[in-house]
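Survey of secondary and tertiary structure
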Amino acid sequence: MELNTIIVGIYFLFLIAIGWMFRTFTSTTSDYFRGGGNMLWWMVGATAFMTQFSAWTFTGAAGKAYNDGFAVAVIFIANAFGYFMNFAYFAPKFRQLRVVTVIEAIRMRFGATNEQVFTWSSMPNRVVSAGVWLNALAIIASGIFGFDMTATIWITGLVVLAMSVTGGSWAVIASDFMQMVIIMAVTVTCAAVAIVQGGGVTEIINDFPVAEGASFVSGNNLNYVSIFGIWAFFIFFKQFSITNNMLNSYRYLAAKDSKNAKKAALLACILMTIGPIIWFMPPWFVAGQGVDLAAHYPDAGSKAGDFAYLYFVEQYMPAGMVGLLIAAMFAATMSSMDSGLNRNSGIFVKNFYEPILRPQATEKELMVVSKLTSTFFGIAIILVALFINSLKGLSLFDTMMYVGALIGFPMTIPAFCGFFIRKTPDWAGWGTLVVGGVVSYFVGFVITADMVQNWFGLNELTGREWADLKVAIGLIGHIVFTAGFFVLSTLFYKPLAEHREKDVDKFFNNLATPLVAESNEQKKLDNKQRRMLGSLIALAGVGVMTIFVLPNPTWGRMVFVFCGLIVFGVGLLLFKAV
């Protein structure tokens, strides 16, 4: 236990050092919120990938993999499809918006009223999502260190808050890249051990326990396999929409130009494609071994499946790997929360405080307000995580699905459709959100499982089937009614006021105009990024390899050498690229 704590502590210090080193890159709000739009593709691609990745992957998603096999991988493959569409079309367009925050693009497209509507409606979604991630992290941390869940949420939340407030987007994105390298190295190693222990991938799949009539692909607890198919189809639709709209274009605003944004999206696509097979091999293996997680984690109750990955690392990996994995999980969740805090703070400062409250504010004042705002949102995230922890009967997996389908998805509709449908009245933006809110209310609080059973003449639905159907019904409702409202608003289009027509023209002209950033100053900054981050990652690789000295079997020692070499190699490549 003390060994794992020491490893996590050293990792924390390393992340703090990154924040301290990259603080020199931040002097304006543009630097603080999007790295001044000067970042290379591999840093931007890493942060795009890491924003869809957190401790939830190793808890709620791993629990789903333990219970239902391959089904959970659908979400991540859908993410990969979304990133591929980023690469094919959207990512360069997002960078070409030429804005500091995504809400500035909303203002150009839909006007000042929608700027405020989207400012105040988009922030809660990010706070709730970050609360889910923090709760997932606390589950793992409390399981490892034996801390009280409430205390764990406060401690981890405050650590994340301290790092995000001091570092800004340069520190956030730089640490994202290092965390991506270490997480992929650790999880590849865990997957390799699971495959060896399980006798190969085919054996792990064959050993996975499925009920009669079920399969490894669709999973258990299903009377109607068609419900899984409906859920999977609409999950693809949802993830495509969520990764390809103005509100989530912030991932690429930091890229130095259109070409780097496009390459960043391809990196995120590749990582998200190979990720599910790597991440979920250990929980699939644990399920195939017939391990009763409820017996091993009696205090977890119905959430025992969330400990599947942790059980594997504790039982099958060498001493010290638990600490390294927990450090990586902390880092993954911190990166997601950092991005959320940084994004929310940017939206508040650049789209409310500066234009509405203090139009004459200096950059120094805006930087102070940015850090205070980040602190406020950090506390809010901690309180949300505590609330989610009190909902003992709700799984982390279902919580994340509900948040995405009923809160996140409807907000993406005007932000997506507005790219392609030009002739809409300005009220189409906020009006679509109102319709989306009504649809989400009916799906979340009015429609029940009994109603659906009666409408379609179904036998009693299982808990999993109703959870999947609820997500699918929510998505169908938003596609038909919420998106339908936006499209129908074109019937009421009238020429906009002159200043609004100029803004809309600027929006679409920006989208169509590639951004190229080549100068001596830019090249110097590029090399500075490579040199600093390459050195830090190579040092981290050496640190991982030093865990070789711990008393483990020879194969266990080689696990750390293998992990360390992967990390060190990436750092060396970056340093040599200068």
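Heads up: the structure comes first, above all this text.
To keep things clear, this report deals only with the structure shown in the data block. Being a predicted model, the structure only gives us computed values, none of them experimental. (Residues numbered from 1 in each chain as written. Predicted model: local features only at pLDDT ≥ 70, side-chain atom pairs only at ≥ 80, totals over all residues. Heavy atoms only, no water.)

Once that is clear, we can look at the state of the cysteines. Within the structure shown, the criterion is met by 0 disulfides. Sulfur of cysteine 190: no disulfide; nearest cysteine sulfur belongs to cysteine 563 and is 7.3 Å away. With a relative accessible area of 0%, cysteine 190 lands in the buried category. (Disulfide = S-S within 2.5 Å. Buried < 20%, exposed > 50% of the residue type's maximum accessible area, 1.4 Å probe, protein only.)

Spanning 23 residues, helix H24 (residues 554–576) covers 32 Å between terminal C-alpha atoms, matching the ideal 33 Å at 1.5 Å per step. Three or more residues of H24 are buried, namely Gly556, Val559, Phe560, Val561, Cys563, Gly564, Val567, Gly571 and Leu574. (Helix = DSSP H or I, 4+ residues; strand = E, 2+ residues; numbered from the N terminus. Expected span 1.5 Å × (residues − 1).)

Here the focus is the packing of helix H6 (residues 73–95) against helix H13 (residues 258–288). At a minimum axis distance of 7 Å, the contact between H6 and H13 shows a crossing angle of 175°. It follows that H6 is roughly antiparallel to H13 by the angle criterion. Listed contacts from H13 to Ala73, Phe76, Asn79, Ala80, Tyr83, Phe84, Asn86, Phe87, Ala88, Ala91, Pro92 and Arg95 of H6 are Ser258, Ala261, Lys262, Ala265, Leu266, Ala268, Cys269, Met272, Thr273, Pro276, Trp279 and Phe280. Here the contact of H6 with H13 is built from residues that sort into 18 nonpolar, 4 polar and 2 charged. (Axes fitted to C-alpha atoms, helices over the stretch in contact; angles between N-to-C directions. Parallel < 35°, antiparallel > 145°, perpendicular 65-115°, else oblique. Contact = heavy atoms within 4.5 Å. Nonpolar A, V, L, I, M, F, W, Y, C, P; charged D, E, K, R; others polar.)

In terms of nonpolar packing, the biggest core is built from 178 residues, with Phe49, Tyr252 and Phe312 touching the most fellow members. For this core, the element with the highest residue contribution is helix H9 (residues 149–198), accounting for 21 residues. Of all hydrophobic cores here, the second largest spans 9 residues; its members include Ile227, Val439, Val452 and Leu469. (Core = buried A, V, L, I, M, F, W, Y, C linked by side-chain atoms within 4.5 Å.)

Here we come to the pattern of salt bridges. One pass over the full model with this rule turns up 8 salt bridges. Glutamate 115 serves as the salt-bridge partner of arginine 107, at 3.0 Å between the closest nitrogen and oxygen. Taking relative accessible area as the criterion, arginine 107 reaches 28% and is therefore assigned partly exposed. The class of glutamate 115 is buried, set by a relative accessible area of 4%. With its nearest N and O atoms 2.1 Å apart, the salt bridge here joins arginine 422 to aspartate 505. Taken together, the residues span a long stretch of sequence, with arginine 422 in the loop between helix H18 (396–417) and helix H19 (427–446) and aspartate 505 in helix H22 (residues 498–512) at a distance of 83 residues. Overall, the relative accessible area of 34% leaves arginine 422 in the partly exposed class. Three or more residues are tied together by salt bridges with common partners; here these are Asp426, Arg500 and Asp503. (Salt bridge = Lys/Arg side-chain N within 4 Å of Asp/Glu carboxyl O.)

Scanning all chains against the criterion turns up 41 aromatic pairs. Consider the rings of phenylalanine 110 and phenylalanine 486, whose centres lie 6.1 Å apart with planes at 85°: the pair is edge-to-face. With phenylalanine 110 in helix H7 (residues 102–110) and phenylalanine 486 in helix H21 (residues 463–488), this residue pair connects regions lying 376 residues apart in the sequence. By relative accessible area, which is 1% here, phenylalanine 110 ends up buried. Ring plane angle 45° and centroid distance 5.6 Å describe the contact between phenylalanine 348 and phenylalanine 352, whose orientation is recorded as tilted. Taken together, the positions of phenylalanine 348 and phenylalanine 352, both in helix H16 (residues 321–357) and 4 residues apart, correspond to about one turn of that helix. Note on phenylalanine 352: relative accessible area 17%, which makes it buried. Aromatic rings pair up to connect Phe81, Tyr89, Phe90, Phe94, Phe236, Phe240, Tyr252, Phe416, Phe419, Phe420, Phe507 and Phe508 into one cluster. Directly above the aromatic system of phenylalanine 548 lies the positively charged group of arginine 557, at a separation of 5.5 Å from the ring centroid. (Phe/Tyr/Trp six-rings, centres within 6.5 Å; stacked < 30°, edge-to-face > 60°. Lys NZ or Arg CZ within 6 Å of the ring centre and 35° of its normal.)

So, about the environment of asparagine 510. Its location among the elements puts asparagine 510 in helix H22. In this structure the C-alpha to C-alpha distance between asparagine 510 and arginine 95, which are 415 residues apart in sequence, comes to 9.2 Å. The contacts of asparagine 510, once residues within four sequence positions are left out, are Gln96, Leu97, Arg98 and Met108. One polar contact links the side chain of asparagine 510 to the main-chain carbonyl oxygen of leucine 97, over a distance of 3.3 Å. (Polar contact = N/O pair within 3.5 Å; in protein donor to acceptor, adjacent residues only side chain to side chain.)

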